[in-house]
Amino acid sequence: MRGVIETKQLTYRYGRKTALDHVNITLNENQLIGLIGRNGSGKTTFLKLCAGYYYPTDGEITVFEEEPFHRIESLGEIIYSNPNVYHKELNTLEQILKYFKLTYPRFDAVFANKLLVVFALQPTMRFKNLSQGMVSVFNFICALSTRARLTLFDEPILGMDVTSRKKIYEILLRDYIECPRTIIVSSHILSELEDILSEILLIDEGKIILYKDLDEVRTMSYRIDGTEDAVKAFCSDKTVIYSNYNTMNSYAVIEGEYNDTIIPEGEKYNVAFSKVRPEDYCVYKTLRGGEADLECLWER
Amino acid sequence: MGKVEWNNTLQLLKIRKRESKSFLYISILLIVMFAFSVVPMIFNSFNDSFTLNYTVMVIYSKVGLILSIITSIFFTIDYQSYNYKYEIYPSNNKTNFVSYGLFCYIHLVKVQIIALILYVIQYGIFNLLHVLKENIYFAYEFNILYLLTGFFLYLLYGFLAISVIIFIGSLNRKYIRIPKIVFIVFIVFCTISFSYMKKHINMADNIVINFIVKESSILIFIIKAVSISLALIALSILLNKHSYNNKKERNHGFITLIACIGIFIILNNYGYGASSITTMREAVVENYKIYAEEVYKSNSSEAKSEYQIKLNELTSGENIKVYLAEEDKRDFSIQQYNFSPKANKNIIVHFIPNKNTVNGIDVASYMNPQLAIRYIYDEIHLKVLSKKNVQVVFMEPYSMLKQFVFFKDKGVLKEFYGNRYEKIPGEIIFYVPEGVSMKIVE
Amino acid sequence: MKALKIDENSLTPIYVQIADSIEEDILNDKLMEGNACYSQLMIAKELKVNPATAAKGINLLVGHEILEKQRGQAMTIAADAKSKIIERKKKTDFKDKIEELVKLAKRLHVSEEYLQNQISKTFEESER
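Residues numbered from 1 in each chain as written. Chains lettered and ligands numbered in written order. Predicted model: local features only at pLDDT ≥ 70, side-chain atom pairs only at ≥ 80, totals over all residues. Heavy atoms only, no water.

Helices and strands together make up the secondary structure of chain B, namely 12 helices and 15 strands. Each of the 442 residues in chain B was classed as buried or not, and the buried ones make up 50%. Sequence separation of 24 or more characterises 84% of the internal contacts of chain B that already satisfy a separation of 6 or more. Accessible surface computed for chain B: about 22,200 Å², of which carbon and sulfur atoms make up 64%. (Helix = DSSP H or I, 4+ residues; strand = E, 2+ residues; numbered from the N terminus. Buried < 20%, exposed > 50% of the residue type's maximum accessible area, 1.4 Å probe, protein only. Contact = heavy atoms within 4.5 Å. Areas by Shrake-Rupley, 256 points an atom, 1.4 Å probe, with all protein chains shown as cover.)

Listed below in structure tokens is the structure:
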């Protein structure tokens with residue numbers, strides 16, 4: 001598969017902070033990619049660099065084989081959207097959709113209007129009358145309807161209630177199936193997205209930790225529960241990503257694949273196996289030292 | 001710039017135009033409001049208490065030019081924050097910049113077109129008023145060549161100014177990272193200093209400004225303006241190409257707007273509003289009779305106001321007393337009486353009306369002053385008859401074009417090159433035959 | 001296949017669950033041998049999973065020779081799919097279940113004889 005986004009030693013600094021640190025990555029085309037990372041890990045910076053909002057301090061990035069900051073052919077094929085896109089307050093939603101139709105060649109106005117109906121938004125409403133949740137929904141609708149070949153959603157679900165969120169995910173997946181394109185969704189809440197993503201891009205402190213198929217990530221680790229001694233014994237020759245020892249129950253997360261060869265060992269030490277959700281795996285991989293133990297908060 | 005980029009530029013331009021409609025509307029509103037400053041004058045025309053009232057109206061195109069320049073300044077200061085706000089729509093560095101530049105120029109053209117249309121409409125209105133009410137006059141004649149040339153040259157002035165502004169903006173974004181408030185304060189300071197300098201120092205010695213403003217040949221002026229504009233634009237594009245910080249979050253829109261309004265107010269204190277000077281009679285309206293048979297009136301052509309008074313029963317040696325009404329002396333500035341001997345049988349009275357030149361046009365001539373003379377025995381009573389309550393409206397379509405030799409003496413503006421204000425008092429010359437002596441009675 | 005609920009908490013990957021459920025439908029005669037199978041897009045739409053996941057499930061069955069890719073058409077069920085499934089399940093699921101049962105019996109101290117009796121009884125009861 002051709003890479004839609006390719007970076008070489010991509011670095012972005014502002015002030016004294018390094019948001020992205022020599023990132024080398026090639027992203028595959030026509031995937032639904034989840035960009036996962038903690039606050040301040042560089043997600044937004046990465047997406048904005050892909051969209052041509054920033055120019056790299058160092059290194060290079062190509063999107064559709066062009067530098068995004070100076071792109072020509074892919075004008076109208078890349079869109080970056082977050083819940084707080086600026087629109088003039090007095091404009092009606094209809095007018096804003098007209099602007100999109102003007103500038104994005106693949107924009108589907110009929111689809112957008114139908115989506116407005118689904119979320120109970122009227123085209124004649126003025127932008128200033130929308131609540132935060134509705135604003136997020138509206139910005140999502142606009143970005144999705146552009147059918148841009150590279151669509152970037154930066155935490156699109158801000159402020160949305162549960163019903164809206166569920167609808168959003170369903171619509172996102174369905175539209176991705178109907179009109180395949182590269183979609184990157186950055187979010188904190190991976191659990192809700194897990195079923196619909198095809199790949200995960202994990203970023204932390206400006207560096208890419210992993211970029212894998214979601215199914216692969218599911219099999220990259222497993223969890224064992226048991227008594228403290230049992231767990232410790234089982235883990236003696238394994239790579240432990242995270243462990244938690246308590247009186248009543250201890251568990252550890254082990255890097256490795258859960259397969260048939262492990263089962264007898266588990267029986268030997270009397271530990272129970274369970275799956276590690278990709279979201280938890282990402283959390284464990286991005287833990288910093290000293291965070292795991294909250295006990296000290298209540299110590300006197 | 002390829003087709004894709006050009007299309008994108010046009011799209012961005014369309015969005016910019018629609019989102020900034022308020023600037024156009026406010027400009028139109030302001031210009032139209034200035035147009036209404038003439039309404040008091042129209043009301044005055046129903047009043048008989050004036051002899052002469054002239055109103056110099058604001059020059060719409062000048063106001064339009066200043067408003068367009070201020071708009072460009074605003075959008076130059078706001079460039080980064082505007083880009084940040086509208087980054088959702090596809091653009092790249094180049095298309096952002098070009099659409100911004102095009103917007104500034106197109107805004108200028110639109111405002112100038114409106115100013116021109118408003119001028120034509122007001123010209124029509126005044127001439128209609130003149131038909132309905134004879135005492136309202138419009139001081140300039142309508143000349144299409146002048147209007148078109150003026151329009152075009154004014155646009156060039158505007159293009160030049162906007163190119164300078166765009167260039168300064170690009171320079172600022174590339175090299176200097178000063179906070180915007182400093183930039184605004186700097187502009188305000190320059191404007192104030194400029195007005196101070198104009199009052200106290202003769203700006204005629206400034207080489208840089210004179211390069212453009214004192215250029216008297218239209219062709220060379222066009223070459224200068226166009227080449228400088230193009231050079232500045234090219235430099236700006238180059239600077240912009242290598243600027244990577246074209247989107248900033250901080251929004252100084254409000255401060256910028258206040259600063260621009262401030263600049264507008266300061267510049268307006270040059271007297272861009274309507275001004276009028278009147279010579280007003282005291283409220284008493286005199287009702288006098290004209291002695292029909294003995295009145296000699298001349299025609300209104302100023303050079304030939306001569307009257308002949310037959311001296312039938314006058315014998316030599318007699319003193320003739322000449323009376324002239326006080327109001328007339330004042331209203332028509334008659335200060336000189338010359339008595340010249342001439343070998344004539346009759347007394348010849350030569351009346352030279354006063355001149356009050358505003359912007360090179362003699363306003364006093366609109367009053368059409370005529371001398372009425374009554375001769376009884378040894379008294380000559382002089383009276384100046386004139387149109388009452390003359391209202392003259394000055395509305396120059398394009399100022400600053402006096403710099404061009406092309407318009408000199410073409411009779412377009414009825415003005416002399418460099419001759420704006422002049423007051424010459426009126427004069428009456430008596431050619432007195434031998435043996436007769438005349439004396440003015442005060 | 002509409003009856004399948006994806007168990008997110010299970011250790012089995014989703015694509016395997018999809019493959020299993022298709023096999024179930026073949027065994028239940030919901031899907032007949034020689035006919036077309038559910039398409040990748042349909043699975044993705046109805047189960048609300050990524051099409052790549054659905055494709056993986058289908059490819060798994062292609063690997064087991066249960067589904068065949070006919071030229072120009074959707075995946076079709078192989079002619080001997082049913083028997084292949086049964087064979088495979090005998091070797092894996094069935095065997096696993098028996099091992100589990102025996103382990104449980106041992107833990108509960110149940111004799112082999114008792115176990116076999118219980119099995120016979122259960123067979124009889126299900127016939128009725």
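Turning our attention to the pattern of salt bridges. Applying the stated criterion across every chain, the model contains 30 salt bridges over all chains. In this structure, Lys56(C) engages Asp213(A) in a salt bridge whose closest nitrogen and oxygen atoms are separated by 3.6 Å. Of this pair, Lys56(C) sits in helix H3 (residues 51-63) while Asp213(A) sits in strand E9 (residues 207-213), on two different chains. Note that Lys95(C) is salt-bridged to Glu99(C), the shortest N-O span being 3.4 Å. Of this pair, Lys95(C) and Glu99(C) both sit in helix H4 (residues 81-107), four residues apart, which is roughly one turn of the helix. (Salt bridge = Lys/Arg side-chain N within 4 Å of Asp/Glu carboxyl O.)

Turning to the packing of aromatic side chains, a few remarks are in order. By the definition in use, this model includes 30 aromatic pairs over all chains. Seen from the ring of Tyr245(A), Lys232(A) lies directly overhead, with NZ or CZ sitting 4.8 Å from the centre. (Phe/Tyr/Trp six-rings, centres within 6.5 Å; stacked < 30°, edge-to-face > 60°. Lys NZ or Arg CZ within 6 Å of the ring centre and 35° of its normal.)

Turning our eyes to something else, we now look at the sheet that holds strand E13 (residues 272-275) of chain A. Either a parallel or an antiparallel arrangement is found when strands of a sheet pair, and the pairing is made through backbone hydrogen bonds. All names here are of chain A. Read from one edge of the open sheet, four strands run E11-E12-E10-E13, paired in antiparallel fashion. The open sheet has two edge strands with one neighbour each: strand E11 (240-244) and E13. Direction aside, the axes of adjacent strands within the sheet are offset by 20° on average. Of the strand pairs in this sheet, E11 and strand E12 (residues 250-255) are connected by four bridges, and their pairing is antiparallel. If you follow Tyr-242 over to E12, its bridge partner there is Val-253. (Pairing = 2+ DSSP bridges. Axes fitted to C-alpha atoms, helices over the stretch in contact; angles between N-to-C directions.)

Once that is clear, we can look at the pairing of E13(A). Side-chain positions along a regular strand alternate between the two faces of the sheet. All names here are of chain A. Of the two faces of E13, only the one carrying Phe-273 and Lys-275 is buried; Ala-272 and Ser-274 on the other face are not. Across four bridges, the pairing between strand E10 (residues 221-226) and E13 is antiparallel. The residue bridging Tyr-222 from the neighbouring strand is Lys-275, located in E13.

Now for the interface of chain C and chain A. On the chain A side, the residues contacting the 17 residues of chain C number 20 residues. Interface area, chain C with chain A, both sides summed: about 1,600 Å², of which 55% is carbon and sulfur. One can count four salt bridges joining chain C with chain A. Connecting chain C to chain A are four residue pairs in polar contact (both at pLDDT 80 or more). Mapped by element, the contributors of at least two residues to the side of chain C that touches chain A are helix H1 (14-27), helix H2 (40-47) and H3 of chain C. Per element, the largest residue contribution to the side of chain C that touches chain A is four residues, and it comes from H3(C). (Buried area = accessible area lost by both parts, 1.4 Å probe. Polar contact = N/O pair within 3.5 Å; in protein donor to acceptor, adjacent residues only side chain to side chain.)

Residues and elements named next belong to chain A. Structurally, the position occupied by Val-63 is in strand E4 (residues 58-63). Judged by relative accessible area, which is 0%, Val-63 ranks as buried. Along the primary structure Val-63 and Glu-89 are separated by 26 residues, whereas in three dimensions their C-alpha atoms are 33 Å apart. Residues in contact with Val-63, not counting those within four places in the same chain, are Val-4, Ile-5, Cys-50, Pro-68, Ser-74, Ile-78 and Leu-150.

Another aspect to go through is the nonpolar core. Residues Tyr60(B), Val392(B), Phe394(B), Ile428(B) and Phe430(B) are the most contacted members of the largest nonpolar core, which totals 84 residues. Ignoring sequence-local partners within four residues, the contact set of Ile428(B) consists of Leu324(B), Ile334(B), Gln336(B), Tyr337(B), Asn338(B), Val349(B), His350(B), Phe351(B), Leu371(B) and Leu382(B). (Core = buried A, V, L, I, M, F, W, Y, C linked by side-chain atoms within 4.5 Å.)

Residue and element names in this part refer to chain A. Within the element layout of this structure, Tyr-251 appears in strand E12. Since its relative accessible area comes to 14%, Tyr-251 is described here as buried. With 23 residues separating them along the chain, Tyr-251 and Glu-228 place their C-alpha atoms 7.7 Å apart. Sequence-distant contacts of Tyr-251, defined by excluding residues within four places in its chain, comprise Arg-223, Ile-224, Asp-225, Val-231, Tyr-242, Ser-243, Asn-244 and Tyr-284.

Taken residue by residue, the interface counts 21 residues in chain B and 26 residues in chain A. The contact between chain B and chain A buries some 2,300 Å² in all, and 60% of this surface belongs to carbon and sulfur atoms. The interface formed by chain B and chain A includes zero salt bridges. At the boundary of chain B with chain A, the tally comes to 10 residue pairs in polar contact (both at pLDDT 80 or more). For the side of chain B that touches chain A, the leading source of residues is helix H1 (residues 3-19) of chain B, giving eight residues. Looking at the side of chain B that touches chain A, its residues break down into seven nonpolar, six polar and eight charged. (Nonpolar A, V, L, I, M, F, W, Y, C, P; charged D, E, K, R; others polar.)

All names here are of chain B. The predicted model of chain B has a mean per-residue pLDDT of 74, with 67% of residues at 70 or higher. Per-element averaging of pLDDT across chain B places strand E3 (residues 275-280) at the bottom with 43 and H1 at the top with 92. Taken together, the stretch residues 270-304 has pLDDT below 50 and engages in 72 contacts with residues farther than four places along the chain or on a different chain. Prediction confidence for the complex, expressed as pTM and ipTM, is 0.79 and 0.85 respectively. (pLDDT = per-residue confidence, 0-100.)

Right, let's get into helix H4 (residues 60-77) of chain B. Compared with the 26 Å implied by 1.5 Å per residue over 18 residues, the 26 Å span of H4(B) between its first and last C-alpha is a close match. Along H4(B), 17 of the 18 residues are buried, which leaves the element largely enclosed by surrounding structure. (Expected span 1.5 Å × (residues − 1).)

A few words now on the domain arrangement of chain A. It is common to give the size of an interface as the accessible area that goes away when the parts come together. Partitioning chain A into structural domains gives domain 1 (3-217) and domain 2 (221-276). Each of domain 1 of chain A and domain 2 of chain A was reduced to a C-alpha centroid, and the two centroids are 38 Å apart. (Domains from an automatic or database assignment.)

Once that is clear, we can look at the pairing of strand E11 (residues 379-385) of chain B. Residue and element names in this part refer to chain B. Among the seven residues of E11, five are classified as buried, and the element is accordingly described as predominantly covered. Pairing of strand E5 (residues 319-324) with E11, which is carried by four bridges, proceeds in the parallel orientation. In the strand pairing of E11, Val-322 is matched with Ile-380.

Residue and element names in this part refer to chain A. With respect to topology, three strands assemble into an open sheet ordered E2-E1-E4, the strand pairing being antiparallel. Whereas interior strands pair on both sides, the edge strands pair on one side only; in this sheet they are strand E2 (17-28) and E4. Each strand axis lies, on average, 20° off the axis of its neighbour in the sheet, ignoring direction.

Residues and elements named next belong to chain A. Phi at Asn-30 takes a positive value of approximately 55°, unusual for a residue other than glycine. With respect to the helices and strands, the residue Asn-30 is situated in the loop between E2 and strand E3 (32-37). One non-glycine residue, Glu-155, adopts positive backbone phi at about 45°. Here Glu-155 lies in the loop between strand E6 (150-154) and helix H5 (162-178).

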